[in-house]
Amino acid sequence: MSVEIMMPALSPTMEEGTLSKWLVKEGDTVSSGDVIAEIETDKATMEVEAVDEGTIAKILVEAGTENVKVNSVIAMLAEDGEDADSVEAPSSQPAETKSDDDDAEPAPEVQDEVAEDAAGPKPDFKPSNDPEIPEGTSFKENTIRDALRDAMAEEMRRDESVFVMGEEVAQYQGAYKVTRGLLDEFGDKRVVDTPITEHGFAGLGVGAAFGKLKPIVEFMTFNFAMQAIDQIINSAAKTLYMSGGQMGCSIVFRGPNGAASRVGAQHSQDYSAWYAHVPGLKVVAPYDAADAKGLLKAAIRDPNPVVFLEHELLYGETFDVPDLEDWVLPIGKAKVRREGTDVTLVAHSRMVGFALEAAEQLSKAGFSAEVIDLRSLRPLDTGTVVESVKKTNRLVCCEEGWRYMGVGAEIVATVIDEAFDYLDAPPARVHQADVPLPYAANLEALSLPGTEDIVKAAKAVCEGI
Amino acid sequence: MTDTGRSYLHVPEPSFRPGDKPTFDEMIIPQAGAVRRPPVDVHPDDIQDLARTIIRVMSSDNEAVGEWAASLTDEEALEGLKDMMRLRTMDARLLRAQRQGKTSFYMQALGEEAVACAFQKALEPGDMNFPTYRQQGLLITSGYPMTSMMNQIFSNSQDPMKGRQLGNLYSSKEHGFFSISGNLATQFVQAVGWAMASAIEGNDRVGVGWIGDGSTAEGDFHAGLVFASTYQPPCVLNIVNNQWAISTYQGIARGNAATFASKGLAFGLPSLRVDGNDYLAVHAVAKWAIERARKRLGPTLIEYVTYREGAHSTSDDPSAYRPKDEADGWPLGDPIERLKGYLIAKGVWSEDRHAQMASQIEDEVAAAQRESEAIGTLLEGDKPGPRDMFEDVYEEMPPHLREQFAQSLKEAGEG
């Protein structure tokens, strides 16, 4: 029987890579464990080993091919006693897919103020207090990963007291490559690899901020910041207050928050509600690359401690970023990403993408949904939400975390306070199941909220079921 | 970073980076047999030198020499060889299974098999390990079924963790293997707490803490030493120094201390440093420390000097931060090759029998993998169900979870 050799993945979040080199040719005999090819991603290179013994019957993807999808068949192996010439490639084999027609990716309908959008309703909304983008400004495509890096690099050039520290940030260029290139440009005194002690280096950062530096503390993930939460809350957030206003703490704690792919209960938590609960902190959770850049620059300049929640599953997503010398956004302002009249969908971080997809599906079903990206959780722009609900009369709050004492609870309570008479239906909440996030792929998907859950909740709110 | 002067912050750097020719010339390695074996009731102050040397048993002539030799019979040493080979074979197969998409993540113990395999050999039923993610050798040695490990790696319907936990983070109470925490170091102080419970109950069961070189920087490590020092519970605290914490070399966590073991000296703990690639030495030192604990003489801190030959995990690419051939220059050799050489020199083993054993183990592991894959992998087959997701959040399922469970069954078409 012939065996399919598939494009391997380094990690669950890898979706495609470059097949850089074949080390075997058709007709070669291989043993289990032999290195047969090399592949590359933006994070690493990796050797592909043969799993089984046999003869390479067909090479289906040429060396040098980019964007090869994980798990697509890259070669066929004839096993013992089989004629290699008779092996055929699988028929429906998309060996190579162009990334621009990739329908597996969420394709959010980003209603950019300057972008033309023939399909959706024409947005005449102006986001409150976002800086004007001058006419003729060009936009550059950028990943969120690089937009965050650019924000840090620009602020480090602008202000010598800004530095970044954390595990793997220097030599390794960041566990998720967000600090790529910073060590080369700024050196190891401003891009500092720390020992593995989150409580230790968060405290160190707080001390450095008290000493008038401006630290950017990267947590490999916010899950590991559980160790450091005493420093963040009891020291960073409260010292200005407790010292009678004498000693402030200008610091950014940043890193990926929420669920990644298959990293289990201890590495997949959404801390939005945890940090947003605390006076003295600012909490930001952007969705797209322009917001990631503009808000991180604002966070670095902010005299207060800012918890900046990123999302691992968004790092590689590409968005337009205005090509301006100094793109800084105000913290505390929501953004209406799609206008609608029947129901308001409120979301932040990765859930914004799902809310936009849901709005698209709802529009096909005859419901007009307005999508609000909160962007900042503390301060929380309840004004924008309340105004929207006064128009749509219905509300669905979407978050990746648990419902209990969650972000949705806060928003619903505020809307009931300020717009009770406008509501035509009880507000709904979309959230993770109330369990630690399971590891198995099927249970993970079952536990996490997604587009379908939002569509269902919105229809229920609109139809009163 | 002020304009009054140059920054003089000290950031330690490893001696070699990719492209350099690595050597380990600076490492001081005593002859096998050179370090004395003190009585187990020795006062910690009298053995402070043992924290700054390396206890070794197997000589370059493949002989077991010195006062730490002869803790095992030939038969037991052969079992140890087999355990290490089974572990290495399983790791290699599961690493390849990950590359084929059958699981999303894997971590191998390549190069440091002797540490966990030999330590477990010195424990008794009822003792409890609080391991990290690279001590699967404890389970192999204690007879935990390989198919159970694989079922967890593949998160199939027979996964003993019911699809809830990462593949490498095993748990087996029965095999003295406490549930692994994915967050570093938390288990170290818990091992001390478990041993305190043993002391309070008046029994002689030993708690074993495990930690890597990098995570000794965590506060939990220091808290563990404080409580071990203060309450003198029956525990053994193990530091596996495999030189690398992902891309961070051991000097970043060690700082200006001479060795990791020497960090125990200020706490008044007997602190020993041992050749982690010498199965016989690891076993002898483990046995000494476990005997101390069981005789109610207090805790011991042990540093195992070894080398992480593979990547940190399947998501890591070590060629970005260390020379590709660094492992070849590692002066303490390979644990399997060294034990094999010793047994052959002793006349109880041969190259032929070794090759035969390797092929037998390959078959055994392949059979276990086939059995487990037939149940299911990430790609296909039987998976855990919604019940597995909602049970065990609490001892008894509360009403709101019953509702969510019923809803998910309805959505899955099973309600």
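The notes below deal with the structure included here. (Residues numbered from 1 in each chain as written. Chains lettered and ligands numbered in written order. Predicted model: local features only at pLDDT ≥ 70, side-chain atom pairs only at ≥ 80, totals over all residues. Heavy atoms only, no water.)

Concerning the overall build of chain A
Then comes step 1: From N to C terminus, chain A includes 12 helices and 22 strands.
Then comes step 2: At 24 Å, chain A has a C-alpha radius of gyration in line with the 23 Å of a compact globule built from 465 residues.
Then comes step 3: With the principal axes as the frame, chain A shows a C-alpha extent of 80 × 60 × 50 Å.
Then comes step 4: Relative to its full complement of 465 residues, chain A shows a buried share of 57%.
Then comes step 5: Contacts in chain A between residues at least 24 apart in sequence constitute 76% of all its contacts with a sequence separation of at least 6.
Then comes step 6: Of the roughly 18500 Å² that chain A leaves accessible, carbon and sulfur atoms contribute 49%.
Then comes step 7: Where the 41 positive side-chain charges of chain A centre and where its 83 negative ones centre are 8 Å apart. (Helix = DSSP H or I, 4+ residues; strand = E, 2+ residues; numbered from the N terminus. Rg over C-alpha atoms; globule rule 2.2 N^0.38 Å. Buried < 20%, exposed > 50% of the residue type's maximum accessible area, 1.4 Å probe, protein only. Contact = heavy atoms within 4.5 Å. Areas by Shrake-Rupley, 256 points an atom, 1.4 Å probe, with all protein chains shown as cover. Lys, Arg positive; Asp, Glu negative; His and termini not counted. Charge placed at Lys NZ, Arg CZ, Asp CG, Glu CD.)

Some words on the overall build of chain B
Then comes step 1: Scanning chain B from terminus to terminus reveals 12 helices and 7 strands.
Then comes step 2: Computed over its C-alpha atoms, the radius of gyration of chain B comes to 22 Å, within 12% of the 22 Å expected for a compact globule of 415 residues.
Then comes step 3: Evaluated residue by residue, chain B yields a buried proportion of 59% over its 415 residues.
Then comes step 4: Partitioning the intrachain contacts of chain B with sequence separation of at least 6 by distance along the chain shows that 75% fall at a separation of at least 24.
Then comes step 5: Put simply, chain B shows about 16800 Å² of open surface, and 48% of that area lies on carbon and sulfur atoms.
Then comes step 6: Here chain B contributes 40 positive and 58 negative side-chain charges, whose respective centroids are spaced 0 Å apart.

Section: the packing of helix H8 (residues 351-364) of chain A against helix H12 (residues 451-463) of chain A
All names here are of chain A.
Then comes step 1: Two numbers describe how H8 lies on H12: the axes approach to 8 Å, and their chain directions differ by 55°. If you check the angle between H8 and H12, you find them oblique. In terms of crossing hand, the pair formed by H8 and H12 is right-handed. Counted together, Met-351, Phe-354, Ala-355, Glu-357, Ala-358, Gln-361 and Leu-362 of H8 and Thr-451, Glu-452, Ile-454, Val-455, Ala-458 and Lys-459 of H12 form the full contact between these two elements.
Then comes step 2: Of the residues contributing to the contact of H8 with H12, the split by class is 8 nonpolar, 2 polar and 3 charged. (Axes fitted to C-alpha atoms, helices over the stretch in contact; angles between N-to-C directions. Parallel < 35°, antiparallel > 145°, perpendicular 65-115°, else oblique. Left-handed = near helix turned anticlockwise from the far one by under 90°. Nonpolar A, V, L, I, M, F, W, Y, C, P; charged D, E, K, R; others polar.)

Some details on the interface of chain B and chain A
Then comes step 1: Residue-level contacts link 62 residues of chain B with 59 residues of chain A.
Then comes step 2: Overall, the association of chain B and chain A removes approximately 4800 Å² of surface from exposure, summing both partners, and the carbon and sulfur fraction of that is 54%.
Then comes step 3: Our count for the contact surface shared by chain B and chain A stands at 1 salt bridge.
Then comes step 4: Residues Glu49(A) and Arg96(B) are paired through a salt bridge, measuring 4.0 Å at the closest nitrogen-oxygen approach.
Then comes step 5: At the boundary of chain B with chain A, the tally comes to 21 residue pairs in polar contact (both at pLDDT 80 or more).
Then comes step 6: Counting residues per element, the ones that place at least two in the side of chain B that touches chain A are helix H1 (74-99), helix H6 (219-231), helix H7 (250-254), helix H11 (386-390) and helix H12 (399-411) of chain B.
Then comes step 7: If one sorts the elements of the side of chain B that touches chain A by residue count, H12(B) sits on top with 5 residues.
Then comes step 8: The residue makeup of the side of chain B that touches chain A, split by class, is 23 nonpolar, 25 polar and 14 charged. (Buried area = accessible area lost by both parts, 1.4 Å probe. Salt bridge = Lys/Arg side-chain N within 4 Å of Asp/Glu carboxyl O. Polar contact = N/O pair within 3.5 Å; in protein donor to acceptor, adjacent residues only side chain to side chain.)

Concerning the sheet that holds strand E15 (residues 306-310) of chain A
Residue and element names in this part refer to chain A.
Then comes step 1: With respect to topology, 7 strands assemble into an open sheet ordered E11-E10-E12-E13-E15-E14-E20, the strand pairing being mixed. The open sheet terminates on both sides in strands that have one partner only, identified here as strand E11 (191-193) and strand E20 (376-378). On average, adjacent strands in this sheet sit at an angle of 20° to one another, irrespective of strand direction.
Then comes step 2: Along the sheet face, helix H1 (residues 144-158) touches strand E10 (162-166), E11, strand E12 (214-218), strand E13 (252-256) and E15 and points at about 135° away from the line of E10. (Pairing = 2+ DSSP bridges.)

A closer look at the packing of aromatic side chains
Then comes step 1: By the definition in use, this model includes 21 aromatic pairs over all chains.
Then comes step 2: Summarising the aromatic geometry, the rings of Tyr172(A) and Tyr321(B) are spaced 5.5 Å apart at their centres and angled 65° between planes, so their arrangement reads as edge-to-face. Here Tyr172(A) is found in the loop between E10 and helix H2 (182-186), whereas its partner Tyr321(B) is found in the loop between strand E7 (300-305) and helix H9 (335-345) on a different chain.
Then comes step 3: When the ring of Tyr271(A) is compared with that of Trp274(A), the centres are 5.1 Å apart and the planes differ by 65°; the resulting orientation is edge-to-face.
Then comes step 4: Among the residues examined, Trp274(A) registers a relative accessible area of 37% and is labelled partly exposed.
Then comes step 5: Three or more aromatic residues joined by ring pairs make a cluster, and in this case those are Phe201(A), Phe219(A), Phe222(A), Phe253(A), Tyr271(A), Trp274(A) and Tyr275(A).
Then comes step 6: It is Lys177(A) that lies over the ring of Tyr172(A); its NZ or CZ is 3.9 Å from the centre. (Phe/Tyr/Trp six-rings, centres within 6.5 Å; stacked < 30°, edge-to-face > 60°. Lys NZ or Arg CZ within 6 Å of the ring centre and 35° of its normal.)

Structural notes on unusual backbone geometry
Then comes step 1: The omega angle of the peptide bond from Arg378(A) to Pro379(A) is 0°, so this bond is cis rather than trans.
Then comes step 2: We note that Ser155(B) has phi near 45°; this positive angle belongs to a residue other than glycine.
Then comes step 3: Here Ser155(B) shows up in the loop between helix H4 (146-153) and helix H5 (186-201).
Then comes step 4: According to the relative accessible area criterion, Ser155(B) is buried, its value standing at 9%.

Regarding the sheet that holds strand E2 (residues 16-22) of chain A
Residue and element names in this part refer to chain A.
Then comes step 1: One open sheet holds the 4 strands; their spatial order is E5-E4-E2-E7, and the pairing between them is antiparallel. Each edge of the open sheet is held by one strand with a lone partner, namely strand E5 (45-49) and strand E7 (65-69). Adjacent strand axes in the sheet meet at a mean angle of 40°, parallel and antiparallel pairs treated alike.
Then comes step 2: Both E2 and strand E4 (residues 35-40) contribute to a ladder of 4 bridges, which runs antiparallel. Of the residues in E4, the one forming a bridge with Trp-22 is Ala-37.

Points about a nonpolar patch on the surface
Then comes step 1: Residues Val226(B), Phe227(B) and Tyr231(B) make up a contiguous nonpolar surface patch of about 280 Å² in total accessible area.
Then comes step 2: Its place among the elements puts Phe227(B) in helix H6. (Patch = residues over 30% accessible without salt bridge, like charges linked within 9 Å, V, L, I, M, F, W, Y side chains within 5 Å.)

As for the side chain of Asp213(B)
Then comes step 1: Tracing the sequence through the fold places Asp213(B) in the loop between strand E2 (207-212) and H6.
Then comes step 2: Only 3.0 Å separates the side chain of Asp213(B) from the backbone nitrogen of Asn242(B), close enough to count as a polar contact.

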